[in-house]
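Below are the chains, spelled out letter by letter.
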Amino acid sequence: MEKLAFPKIADCPEISYDDYLQNRINFWNSTSGELTGYDCKECKNKGMIAFIEDGYERLRACKCMKVRDTLRRIRLSGLSELLRTNTFQSFETNEPFQEQMKRSALEFVKNKSGCFFACGQSGCGKTHICTAIVGGMIKQGMSALYLVWREESGKLKAHASEPDYHTLIAPYKHTDVLYIDDLFKTKELSDISNADVKLAFELLDYRHRNHLITVISTEWTLQQIALVDEAIAGRIAQMSKGYRILINKDPNKNYRLRE
């Protein structure tokens, strides 16, 4: 980082040392940095914010660093384009169920608590509205991770008995916002394995107990999930009060087939 030319105390004879320190802090915080990818008004894209503690100048990481890390992870996952295109503005509301989805999702972003649970018909816009929620949370300075169930759950289950398992699953447990896309993606309920159940419960139970935001899309209803594991269905029910979207099976609502 470029070295800044602070005013010297000898040049400011009329102010106290505390005021002098505060002026230095204000000066540093007002300068612009060189970080790119996200425009932070608080740290001016330096990634750090100066403050005074016990008479000393100190630096702390700006909250935008969580957002920058989220955007970096999204780029690495290849989901940048999905986040860019799946916005609230681009979500069509030609049908009453779509209006309900959007209204509930916007309220969820505003309240920022619990779980948003969208289940039912494939191709009806669940991934779009859930991704828009994640984008809205990121804009508010939150960290977020995608967990595409069919892909990421396999990797985590493969390491379940390995020493690195806790390191691999920790980010999904601790991120401000976790989006689980296509939870239990299988052709039949009977295809959901015990390993799937164990992983889902571990994630959802931890996030429920720690009051972390979770977004879930799935083709299975809450009642169907209960047939697989009542504890998981119970966690989702507790977390998603007021934010449950059910789109009944109807091929006419599969908008992928119309493209």
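Residues numbered from 1 in each chain as written. Predicted model: local features only at pLDDT ≥ 70, side-chain atom pairs only at ≥ 80, totals over all residues. Heavy atoms only, no water.

## Structural notes on the overall build of the chain
Operational definition: Starting at the N terminus, helices and strands are each numbered in turn, a helix being any DSSP run of H or I of at least four residues and a strand any DSSP run of E of at least two. Here, residues are in contact when the closest pair of their heavy atoms is within 4.5 Å. Accessibility throughout is a Shrake-Rupley quantity obtained with a 1.4 Å probe, and a residue counts as covered only by protein chains that appear here.
Along the chain, the regular secondary structure elements total 10 helices and seven strands. Restricting the contact set of the chain to residue pairs at least 6 apart, pairs at least 24 apart contribute 69%. Counting every atom, the chain has about 14,600 Å² of accessible surface; 50% of that belongs to carbon and sulfur.

## What about helix α8 (residues 194–209)?
In plain terms, the rule: One fewer than the residue count of a helix, multiplied by 1.5 Å, yields its expected span. Relative accessible area decides the class of each residue, using a 1.4 Å probe on protein chains only: under 20% of the type maximum gives buried, over 50% gives exposed, and in between gives partly exposed.
With 16 residues, α8 ought to run about 22 Å at 1.5 Å a step, and its terminal C-alpha atoms sit 22 Å apart, in line with that. Regarding α8, the residues found buried are Asp-196, Val-197, Leu-199, Ala-200, Leu-203, Leu-204, Asp-205, Tyr-206 and Arg-207. In the stretch just after α8, His-211 is the one whose phi turns positive, near 55°.

## Remarks on the pattern of salt bridges
Spelled out, the test is: Whenever a carboxyl oxygen of Asp or Glu lies within 4 Å of a side-chain nitrogen of Lys or Arg, that contact is scored as a salt bridge.
Applying the stated rule across the entire model yields 11 salt bridges. In this structure, Asp-196 and Lys-157 form a salt bridge, with 2.6 Å as the shortest nitrogen-oxygen distance. Taken as a pair, Asp-196 in helix α8 and Lys-157 in helix α6 (residues 149–158) lie far apart in primary sequence, 39 residues in all. Residue Lys-157 is classed as partly exposed on the basis of its relative accessible area of 28%. Several salt bridges share partner residues, and in doing so they unite Asp-205, Arg-209 and Arg-235 into one network.

## Looking at the nonpolar core
Keep this limit in mind: Side-chain atoms within 4.5 Å link the members of a nonpolar core, which is a set of buried Ala, Val, Leu, Ile, Met, Phe, Trp, Tyr and Cys residues.
Core analysis: the largest hydrophobic core is formed by 31 residues, its most contacted members being Phe-108, Phe-116, Ile-129, Ile-133, Ile-138 and Val-215. Counting residues per element, this core draws most heavily on helix α5 (residues 126–139), which supplies seven residues. Contacts of Val-215, omitting those with residues within four sequence positions, involve Phe-108, Phe-116, Cys-130, Ile-133, Val-177, Leu-178, Tyr-179 and Ile-180. Membership of the second largest hydrophobic core comes to 28 residues, among which are Trp-149, Phe-184, Leu-204 and Ile-225.

## So, the packing of aromatic side chains
Here is the rule: Two aromatic rings, drawn from Phe, Tyr or Trp (for Trp, its six-membered ring), form a pair once their centres lie within 6.5 Å of each other, and the interplanar angle then sorts them: stacked below 30 degrees, edge-to-face above 60, tilted otherwise. Geometrically, a charge over a ring is one whose NZ (Lys) or CZ (Arg) sits within 6 Å of the ring centre while staying within 35 degrees of the ring normal.
Per the counting criterion, the structure on display carries five aromatic pairs. Seen from their ring centres, Phe-108 and Phe-116 are 5.7 Å apart, and the 55° between their planes marks the pair as tilted. Between Trp-149 and Phe-184 the ring centres are 5.6 Å apart and the planes differ by 80°, which places this aromatic pair in the edge-to-face class. On the criterion of sequence distance, the pair formed by Trp-149 in helix α6 and Phe-184 in the loop between β5 (177–181) and α8 is long-range, its members being 35 residues apart. Owing to a relative accessible area of 3%, Trp-149 belongs among the buried residues under this scheme. Taken together, the ring pairs in this structure connect Phe-108, Phe-116 and Tyr-243 into an aromatic cluster. Cation over ring: Lys-46 sits above Trp-28, and NZ or CZ is 4.8 Å from the ring centre.

## Details of unusual backbone geometry
Among all residues save glycine, negative phi is the norm, and among peptide bonds the norm is trans. Positive phi outside glycine occurs at Asp-54, with the angle close to 55°. Tracing the chain through its elements places Asp-54 in the loop between β1 (48–53) and β2 (56–61). On the accessibility criterion, Asp-54 (68% relative accessible area) is exposed. One non-glycine residue, Phe-184, lies in the positive phi region at around 55°.

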